[in-house]
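Working through the structure, step by step
Each chain, written out:
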Number of protein chains: 2
Amino acid sequence: MFETKLKELDPIFYPKSIAVVGASADSIKAGSLWVLTLISAGFPGTIYPVGSRGGRIADLEIFPSLRQVPGEVDLVIVAIPRQAVLELLDDCAAKNVKAVQFFTAGFSEMDAQEGGMLEKQMLERAGRGGVRIIGPNCIGIYCPEQKIPFLTGTVGEPGSVGFVSQSGGIAGKLATNGIARHIHYSKGVSFGNGIDLDASDFLQYLGADPGTRVIGAYLEGTRDGVRLFNTIKEVAGVKPLVVWKGGRTEAGAEAAMSHTGSLASSPAVWSAMLRQAGAIEVQSLEELTDTLLLLQRIDHWQGAGAAIIGGLADGGGGISVSAGDACIASGLRVPRLSPDTRKKLGTLLGEVGSILRNPVDVSQAQFRGLPTLFEAIESVTGDPSIDIILVQEDIDILLPIYSQKGLDDINDFLVNLSGGQSKPIIIVLPPGAMELERLQLEQRLLAASVPVFSSMERAATAISNADQYFSRQ
Amino acid sequence: MFETKLKELDPIFYPKSIAVVGASADSIKAGSLWVLTLISAGFPGTIYPVGSRGGRIADLEIFPSLRQVPGEVDLVIVAIPRQAVLELLDDCAAKNVKAVQFFTAGFSEMDAQEGGMLEKQMLERAGRGGVRIIGPNCIGIYCPEQKIPFLTGTVGEPGSVGFVSQSGGIAGKLATNGIARHIHYSKGVSFGNGIDLDASDFLQYLGADPGTRVIGAYLEGTRDGVRLFNTIKEVAGVKPLVVWKGGRTEAGAEAAMSHTGSLASSPAVWSAMLRQAGAIEVQSLEELTDTLLLLQRIDHWQGAGAAIIGGLADGGGGISVSAGDACIASGLRVPRLSPDTRKKLGTLLGEVGSILRNPVDVSQAQFRGLPTLFEAIESVTGDPSIDIILVQEDIDILLPIYSQKGLDDINDFLVNLSGGQSKPIIIVLPPGAMELERLQLEQRLLAASVPVFSSMERAATAISNADQYFSRQ
């Protein structure tokens with residue numbers, strides 16, 4: 001499927017050399033920032049700054065024009081005024097450039113008539129010269145393996161999640177959220193107005209890419225709905241594909257028109273289309289990120305029978321009640337525990353102050369020691385009706401009661417449990433009064449591949465999204 | 001309205017002396033923890049530890065029984081086994097105690113028959129002795145003014161938000177979230193099984209309390225629905241009342257039964273009841289906290305015409321698109337800016353790469369300096385169709401471009417703008433790769449009374465909640 005896309009786009013995501021057009025000795029210019037960002041990210045290929053005034057930037061010679069660059073150029077990043085782009089495309093053709101990525105904006109998104117005309121001319125020139133266009137009005141390629149970051153951004157660890165985004169801002173957030181939450185990307189792309197290579201091309205590429213297991217997408221609109229639908233359907237058939245559609249409302253659609261020149265269809269049409277194509281639809285950046293974080297961790301899906309374990313220390317009752325609500329409202333099952341499990345919990349925890357149903361409130365374990373707590377959690381995990389385990393931790397309560405040592409022991413146990421059997425362990429770690437300690441713990445769990453969410457609602461929504469995808473396969 | 005409740009409950013929220021029954025020299029016991037927590041919070045009245053074994057805790061004498069306490073006792077906090085509670089209530093009566101708060105659990109929430117019977121007996125004894133009961137199965141009173149914290153918790157700055165919670169865990173989260181997000185409470189209470197004083201009593205008290213301007217509530221169920229409905233209606237008529245109903249689903253309701261012995265009604269019944277009573281219904285702890293944070297800042301409500309200002313630095317387009325979606329989806333209006341405002345923005349920012357509609361993308365200001373950015377924001381704020389201003393900041397993008405100095409200047413400007421005119425300024429500050437810097441900025445803004453939310457969806461939901469309340473008044 002789409003194997004030709006691999007051959008077509010791999011050289012663009014793994015360029016041996018990049019020219020940045022619009023660089024100058026002045027580091028405040030966007031072109032100069034691109035050069036500096038590529039250097040600081042450690043791009044292993046050759047970087048050729050290009051700018052009419054020449055000079056040097058970060059010890060690199062700035063070539064007055066692309067044609068004067070001595071070596072071969074695979075990818076060109078462009079940050080020059082739009083008046084100069086047509087001539088530049090001729091230069092690209094002369095240099096046998098594979099693709100050119102336009103940071104330059106001010107096309108159809110600004111003025112449908114004049115900007116649209118210019119885009120048409122760009123397409124003609126590029127087509128004649130055998131050059132592919134990414135954008136315009138975009139921040140282009142992100143490829144951790146090849147150390148290609150977005151403008152002014154850092155590049156995260158390589159991984160198995162790919163993304164496409166019409167918007168550069170949201171592409172940038174996906175990249176930084178990935179670094180913050182240990183979502184490791186294979187590659188991503190922001191394609192802006194997408195006049196040549198567009199969502200369908202990049203989705204087909206990610207669908208075929210053996211290094212990509214999960215795909216996220218932010219889309220505002222498309223010029224070829226049928227092709228996009230067929231692409232989404234085919235890609236979602238082989239890999240989980242999570243789509244966030246921007247411009248769903250009138251205010252959003254108006255902004256989308258100004259933003260990437262996209263004509264948005266009605267949200268109902270999109271939702272129906274995505275459902276029919278087997279993709280997962282999400283409604284916010286948070287939900288997109290949450291769902292990718294969870295899917296990255298999933299090898300195979302057993303089902304959505306969730307055990308909710310609350311009250312690792314005192315105070316879990318109400319939290320358990322609302323956790324049950326959140327899971328059911330998101331469409332998860334919260335199955336009854338087997339009589340064996342309940343009996344075992346009763347023996348371990350006692351009846352007073354415990355909730356031995358599901359949600360399970362294990363707060364009484366604080367009076368019986370950590371081994372009892374661990375045994376209780378293991379007995380729930382082993383219950384045959386349970387597919388996935390949600391553990392609610394609250395650092396504001398745990399730290400005063402167990403101290404740092406106890407908190408570490410509890411989380412060591414959970415990390416080992418997560419690695420030691422097949423059911424996913426998901427941690428809910430809400431904000432509170434000890435944000436620094438919470439961030440530390442969150443980072444520790446995420447680094448150990450344990451998904452962490454700040455609320456039960458967010459965890460439940462992500463799980464439900466995954467379940468809807470896998471139960472349709 | 002409910003003025004008698006003030007006289008009745010003020011002495012409980014402002015006790016001059018507290019006895020803690022169940023204290024011992026062993027600081028791991030819950031009773032001992034209560035004593036230590038009261039001391040470390042700086043409770044200004046007298047603390048009397050009571051425990052059958054006597055001894056000392058933190059330099060205080062432990063009295064063998066409540067009757068042996070030398071002075072008057074206003075409030076008794078109880079953490080002893082349930083077998084001993086009836087006798088204790090006789091002691092309370094003998095000492096003319098005003099109220100007794102039972103941390104002790106294991107009543108109707110565990111065993112409807114036997115536990116329910118015991119609760120009946122408790123009510124009889126307390127009624128005979130003129131003693132009021134809070135709980136059982138609760139963490140009771142929280143009163144920042146009187147330096148009364150929850151068990152093992154700290155006490156925040158006093159303020160104007162009151163809360164009631166059936167659940168101790170959620171009451172605790174409200175308290176810590178208040179400290180973290182600068183929601184300043186007048187007072188709060190967790191009332192557990194609520195066999196005597198219950199949600200209605202405390203809501204009436206907060207409704208009458210002149211120090212409370214806004215009220216939040218977490219409820220699981222009630223034994224007297226009509227009284228609760230009438231109370232909510234009357235209280236919501238004078239102050240914004242935000243209600244989160246736990247136990248909405250079967251899993252939640254089952255946990256609620258085990259938790260506070262509450263029989264939950266159907267969620268549809270609750271929603272209809274809350275709507276009819278003029279209360280604001282929310283669906284999660286996050287939404288409850290978000291809505292209280294916003295309401296705390298609101299003096300008067302102009303309307304829900306929101307201006308969305310995005311892209312303080314590059315990359316705002318897609319963020320603006322989805323922000324528009326989030327606001328409209330939550331029921332806000334995103335009005336067109338007046339021709340004057342649009343003209344002014346065009347002059348300030350130029351056309352290329354800007355979105356001069358609402359959502360406004362002001363990213364081009366980065367090339368024109370901060371005074372231009374500030375003028376652009378001021379012109380939007382001054383637009384007559386705008387009631388409320390949402391500013392999207394992204395530290396991952398702002399900090400590399402503007403450095404710490406520029407970021408400080410931008411936020412100084414926003415803080416001044418917030419204080420200098422009547423329209424609320426709301427900041428959306430999403431998570432990303434620089435969490436420490438983000439936390440610092442968030443704390444700074446919150447300390448200056450500027451509400452901060454981690455996503456546009458959360459901000460829009462809180463605003464919509466406030467708008468629904470005020471537009472019904």
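Residues numbered from 1 in each chain as written. Chains lettered and ligands numbered in written order. Predicted model: local features only at pLDDT ≥ 70, side-chain atom pairs only at ≥ 80, totals over all residues.

For chain A, the count of helices and strands is 16 helices and 18 strands. Radius of gyration (C-alpha) of chain A: 25 Å, near the 23 Å computed for a compact globule of 473 residues. Along the three orthogonal principal directions, the C-alpha set of chain A runs to about 80 × 50 × 40 Å. (Helix = DSSP H or I, 4+ residues; strand = E, 2+ residues; numbered from the N terminus. Rg over C-alpha atoms; globule rule 2.2 N^0.38 Å.)

This paragraph deals with the nonpolar core. By size, the foremost hydrophobic cluster in this structure holds 306 residues, and its most contacted members are Ala217 of chain A together with Ala217 of chain B. Setting aside anything within four residues of it in sequence, one finds alanine 217 of chain B in contact with Phe163, Val164, Ala199, Leu203, Leu241, Val242, Val243 and Trp244 of chain B. (Core = buried A, V, L, I, M, F, W, Y, C linked by C-beta atoms within 7 Å. Buried ≥ 20, exposed ≤ 12 C-beta atoms within 10 Å, placed from the backbone. Contact = placed C-beta atoms within 7 Å.)

Below, the discussion takes up the sheet that holds strand β18 (residues 452–453) of chain A. Residue and element names in this part refer to chain A. Spatial ordering of the open sheet is given by β15-β14-β16-β17-β18, a layout of 5 strands whose pairing is parallel. A strand with exactly one partner marks an edge of an open sheet, and here the two such strands are β15 (360–361) and β18. Sheet topology note: the strand β14 (residues 306–310)/strand β16 (residues 388–392) ladder contains 4 bridges and is parallel. Counterpart to isoleucine 308 in the pairing with β16 is leucine 390. (Pairing = 2+ DSSP bridges.)

Bringing helix α3 (residues 85–94) of chain A into the picture now. Every buried residue of α3 of chain A is listed here: Val85, Leu88, Leu89, Asp91 and Cys92 of chain A. Around the axis of α3 of chain A, the buried residues are gathered within 155° of arc, so they sit on the same side. (Arc of directions from axis to C-beta.)

This brings us to helix α5 (residues 168–181) of chain A. All names here are of chain A. A rise of 1.5 Å per residue sets the reference length of α5, with its 14 residues, at 20 Å; its end C-alpha atoms lie 20 Å apart and thus fit the reference within 8%. Extensive coverage of α5 is indicated by the burial of 14 of its 14 residues. Note on α5: the residue one or two positions beyond its end, histidine 182, has a positive phi of about 60°. (Expected span 1.5 Å × (residues − 1).)

It is worth spelling out the packing of helix α5 (residues 168–181) of chain B against helix α10 (residues 285–297) of chain B at this point. Residues and elements named next belong to chain B. One way to put it is that α5 packs onto α10 with a least axis distance of 11 Å and a crossing angle of 45°. By the angle class used here, α5 and α10 are oblique. Handedness of the crossing formed by α5 with α10: right-handed. Residues Ile170, Lys173, Asn177 and Arg181 of α5 touch α10, and the partners they reach there are Leu285, Thr289 and Leu293. (Axes fitted to C-alpha atoms, helices over the stretch in contact; angles between N-to-C directions. Parallel < 35°, antiparallel > 145°, perpendicular 65-115°, else oblique. Left-handed = near helix turned anticlockwise from the far one by under 90°.)

With that settled, consider the sheet that holds strand β6 (residues 99–102) of chain B. The strands making up a sheet associate through hydrogen bonds between their backbones, and the pairing can be parallel or antiparallel. Residues and elements named next belong to chain B. With parallel pairing, the 5 strands of this open sheet are ordered in space as β2-β1-β5-β6-β7. The open sheet has two edge strands, β2 (46–50) and β7 (132–134), and neither has a second partner. On average, adjacent strands in this sheet sit at an angle of 20° to one another, irrespective of strand direction. Sheet analysis places strand β1 (residues 17–21) next to strand β5 (residues 75–78), joined by 4 bridges and oriented parallel.

Note on interface size: it is often stated as the accessible area lost on association of the parts. All names here are of chain A. Along its sequence, chain A is carved into domain 1 (3–134), domain 2 (142–297) and domain 3 (306–472). One C-alpha centre belongs to domain 2, the other to domain 3; they are set 31 Å apart. At the interface, 14 residues of domain 2 touch 15 residues of domain 3. Residue assignment for the side of domain 2 that touches domain 3 shows that the elements contributing at least two residues are β13 (280–282) and α10 (285–297). Ranked by residues supplied to the side of domain 2 that touches domain 3, first place goes to α10 with 8 residues. Its residues assigned to classes, the side of domain 2 that touches domain 3 shows 6 nonpolar, 3 polar and 5 charged. (Domains from an automatic or database assignment. Nonpolar A, V, L, I, M, F, W, Y, C, P; charged D, E, K, R; others polar.)

With an omega dihedral of 5°, the bond running from asparagine 358 of chain A to proline 359 of chain A counts as a cis peptide bond. Even without a glycine there, the phi angle at alanine 58 of chain A is positive, about 50°. Residue placement: alanine 58 of chain A occurs in the loop between β3 (56–57) and β4 (60–61). Within the chain, asparagine 96 of chain B stands out as a residue other than glycine whose phi angle is a positive 55°. Relative to the helices and strands, asparagine 96 of chain B resides in the loop between α3 (85–94) and β6. Given 12 C-beta atoms within a 10 Å radius, asparagine 96 of chain B is considered exposed.

Let us look at the packing of helix α1 (residues 3–13) of chain A against helix α6 (residues 199–208) of chain A. Residue and element names in this part refer to chain A. Running from amino to carboxyl end, α1 crosses α6 at an angle of 105°, the nearest separation of the two axes being 8 Å. Of the possible angle classes, the one that applies to α1 and α6 is roughly perpendicular. Touching Glu3, Lys5, Leu6 and Leu9 of α1 are Asp201, Gln204, Tyr205 and Ala208, all from α6. Each residue belonging to the contact of α1 with α6 can be placed in one class, and the counts come to 4 nonpolar, 1 polar and 3 charged.

A word on the pairing of β6 of chain B. Residue and element names in this part refer to chain B. Every second residue of β6 is oriented toward a common face, with Ala99 and Gln101 on one face and Val100 and Phe102 on the other, all of them buried. Of the strand pairs in this sheet, β5 and β6 are connected by 4 bridges, and their pairing is parallel. Its bridge partner being in β6, leucine 75 is matched across the sheet by alanine 99. Following the chain from β5 across α3 to the adjacent parallel β6, one finds a crossover that is right-handed. Here β6 pairs with β7 via 3 bridges, running parallel. When the sheet's bridge partners are listed, glutamine 101 is paired in β7 with isoleucine 134. Handedness of the crossover joining β6 and β7 through helix α4 (residues 112–129): right-handed. (Right-handed = clockwise from strand over helix to strand, strands pointing away.)

This part covers the pairing of strand β11 (residues 214–219) of chain A. Residue and element names in this part refer to chain A. Along β11, 6 of the 6 residues are buried, which leaves the element largely enclosed by surrounding structure. Where strand β9 (residues 158–165) lies against β11, 5 bridges are found, and the strand directions are parallel. If you follow valine 164 over to β11, its bridge partner there is alanine 217. As paired elements, β11 and strand β12 (residues 241–245) share 5 bridges and run parallel to each other. For tyrosine 218, the partnering residue across the bridge sits in β12 and is tryptophan 244. Note that the unit made of β11, helix α7 (residues 225–236) and β12 has a crossover that is right-handed.

Residues and elements named next belong to chain B. Within the secondary structure, phenylalanine 107 is located in the loop between β6 and α4. Residue phenylalanine 107 is classed as buried on the basis of its 27 C-beta neighbours within 10 Å. Between the C-alpha atoms of phenylalanine 107 and lysine 7, which are 100 residues apart in sequence, the distance is 30 Å.

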